[in-house]
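Coordinate inspection notes
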Amino acid sequence: MGEKLKLKKVDEADQLAGIFIRQAARLGMRIRVALTFGGQPIGATAGPALEAKEALETMINRKGKKSLVDKALSIAGLVFELSGKVPPGRGVEVARDIFLSGKTYEKFKEVVEAQEGDPNIKPEDIPLGKHTYTIESPIEGAVTYIDNAAITTIARAAGAPFDKGAGVYLHAKIGYRVNKGDPLLTIYSSSSARLREAINLASRYSPLIVEGMLLKILP
């Protein structure tokens with residue numbers, strides 16, 4: 001849920017969740033619906049290769065952006081509890097133990113190998129768009145707002161998802177302190193023309209807003 005998303009308020013999400021729960025009951029299925037915060041991107045990336053690279057780095061290093069790790073472990077925990085193999089309320093704990101042990105990455109490699117991919121692929125092996133542009137902070141301050149819809153629009157303008165190497169990398173998220181000239185986001189594309197289009201959209205929509213500590217002077 002979040003501003004400019006399909007579901008903006010908790011009551012809207014509750015209503016949709018109710019539909020899923022009722023339909024599952026009619027089919028004799030037991031499900032749980034997880035409502036998650038969508039006020040800013042999960043993790044730091046938007047775009048197929050960038051997201052794959054971030055996910056792979058997170059599994060290998062057993063750490064990553066808190067929003068990405070917490071969401072993944074919370075959902076995995078719910079699945080464990082629904083399986084009946086983990087007591088209610090302990091799913092996240094079990095999921096976190098598995099993640100920190102490195103077993104998540106080992107299972108990922110098994111899945112990749114079963115699908116005839118390269119299980120030993122490294123993050124640096126994933127090709128990204130060769131055309132890039134970085135937007136820098138115009139002032140010293142803190143990131144106070146990220147426009148999720150704008151990030152998605154910019155990534156698509158750059159060529160994602162059809163251009164696998166296209167997308168957006170966020171150097172800063174809400175609450176991050178930045179200095180003037182610090183990188184805010186980098187746009188990737190395999191096409192210089194698409195990159196220019198994405199840059200134009202970024203300048204029009206201001207996907208990240210940085211504000212100083214002094215917001216207003218009165219009178």
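Coordinates for the structure precede this section.
Residues numbered from 1 in each chain as written. Predicted model: local features only at pLDDT ≥ 70, side-chain atom pairs only at ≥ 80, totals over all residues. Heavy atoms only, no water.

Next up on the list: a nonpolar patch on the surface. On the surface, a cluster of nonpolar side chains totalling about 580 Å² of accessible area is made up of Val10, Leu16, Ile19, Phe20, Ile21, Val33 and Leu35. The class for Leu35 is partly exposed, based on a relative accessible area of 39%. (Patch = residues over 30% accessible without salt bridge, like charges linked within 9 Å, V, L, I, M, F, W, Y side chains within 5 Å. Areas by Shrake-Rupley, 256 points an atom, 1.4 Å probe, with all protein chains shown as cover. Salt bridge = Lys/Arg side-chain N within 4 Å of Asp/Glu carboxyl O. Buried < 20%, exposed > 50% of the residue type's maximum accessible area, 1.4 Å probe, protein only.)

Burial runs high along strand β6 (residues 183-189): six of the seven residues are buried. Here strand β2 (residues 131-136) pairs with β6 via six bridges, running antiparallel. Along β6, the bridge assignment pairs Ile135 with Leu185. For strand β4 (residues 167-170) and β6, the ladder comprises four bridges, and the chain directions are antiparallel. Its bridge partner being in β6, Tyr169 is matched across the sheet by Thr186. (Helix = DSSP H or I, 4+ residues; strand = E, 2+ residues; numbered from the N terminus. Pairing = 2+ DSSP bridges.)

All right, on to unusual backbone geometry then. The omega torsion of the bond from Ala160 to Pro161 falls at 5°, within 30 degrees of zero and hence cis. Take Pro161: it is sitting in the loop between α6 (148-158) and β4. One non-glycine residue, Arg62, adopts positive backbone phi at about 60°. Note that Arg62 resides in the loop between α2 (48-61) and α3 (66-83). Here Ser206, not a glycine, exhibits a phi torsion of approximately 50°, which is positive. Within the secondary structure, Ser206 sits in the loop between α7 (192-205) and β7 (208-211). Using a relative accessible area of 37% as the deciding quantity, one classes Ser206 as partly exposed.

The contact between α3 and helix α4 (residues 91-101) brings their axes to 7 Å, and the two run at 120°. Relative to α4, the element α3 is oriented oblique. Our pair here, α3 against α4, has a crossing hand that is right-handed. The residues of α4 that touch α3, namely those facing Val69, Asp70, Leu73, Ser74, Ala76, Gly77, Phe80 and Glu81, are Gly91, Val92, Val94, Ala95, Arg96, Ile98 and Phe99. When its residues are assigned to classes, the contact of α3 with α4 shows nine nonpolar, three polar and three charged. (Axes fitted to C-alpha atoms, helices over the stretch in contact; angles between N-to-C directions. Parallel < 35°, antiparallel > 145°, perpendicular 65-115°, else oblique. Left-handed = near helix turned anticlockwise from the far one by under 90°. Contact = heavy atoms within 4.5 Å. Nonpolar A, V, L, I, M, F, W, Y, C, P; charged D, E, K, R; others polar.)

This brings us to the environment of Pro48. Along the chain, the position of Pro48 falls in helix α2. Pro48 sits in the partly exposed class, given a relative accessible area of 28%. Between the C-alpha atoms of Pro48 and Pro161, which are 113 residues apart in sequence, the distance is 6.1 Å. Those residues within four positions of Pro48 in sequence are excluded, and the remaining contacts are Ala160, Pro161, Asp163, Lys164 and Ala166.

Here we take up α3. For α3, spanning 18 residues, the distance from its first C-alpha to its last is 26 Å, which sits close to the expected 26 Å at 1.5 Å a residue. Taken as a whole, α3 has its buried residues at Val69, Leu73, Gly77 and Glu81. Relative to the axis of α3, the buried residues are bounded by an arc of 90° and lie together on one face. Once α3 finishes, Gly84 follows within two positions and takes phi at roughly 85°, a positive value. (Expected span 1.5 Å × (residues − 1). Arc of directions from axis to C-beta.)

Our focus in this paragraph is the nonpolar core. If you look at the biggest cluster of nonpolar residues, it comprises 23 residues, and the most contacted ones within it are Ile151, Ile187 and Leu208. Taken together, the elements giving at least two residues each to this core come down to β3 (141-146), α6, β4, β6, α7 and β7. In contact with Ile187, other than residues within four places in its own chain, are His131, Thr132, Tyr133, Ile154, Ala158, Gly167, Leu195, Ala198, Ile199 and Ala202. One finds Leu56, Met59, Tyr105 and Ile126 within the second-largest nonpolar core, a separate group that totals five residues. (Core = buried A, V, L, I, M, F, W, Y, C linked by side-chain atoms within 4.5 Å.)

As for its position among the elements, Thr186 is in strand β6. Note on Thr186: relative accessible area 5%, which makes it buried. One polar contact links Thr186 to His171, side chain to side chain, over a distance of 2.7 Å. Setting aside anything within four residues of it in sequence, one finds Thr186 in contact with Thr132, Tyr133, Thr134, Gly167, Val168, Tyr169 and His171. (Polar contact = N/O pair within 3.5 Å; in protein donor to acceptor, adjacent residues only side chain to side chain.)

The quantities given are spatial measurements derived from coordinates; they are silent on function.
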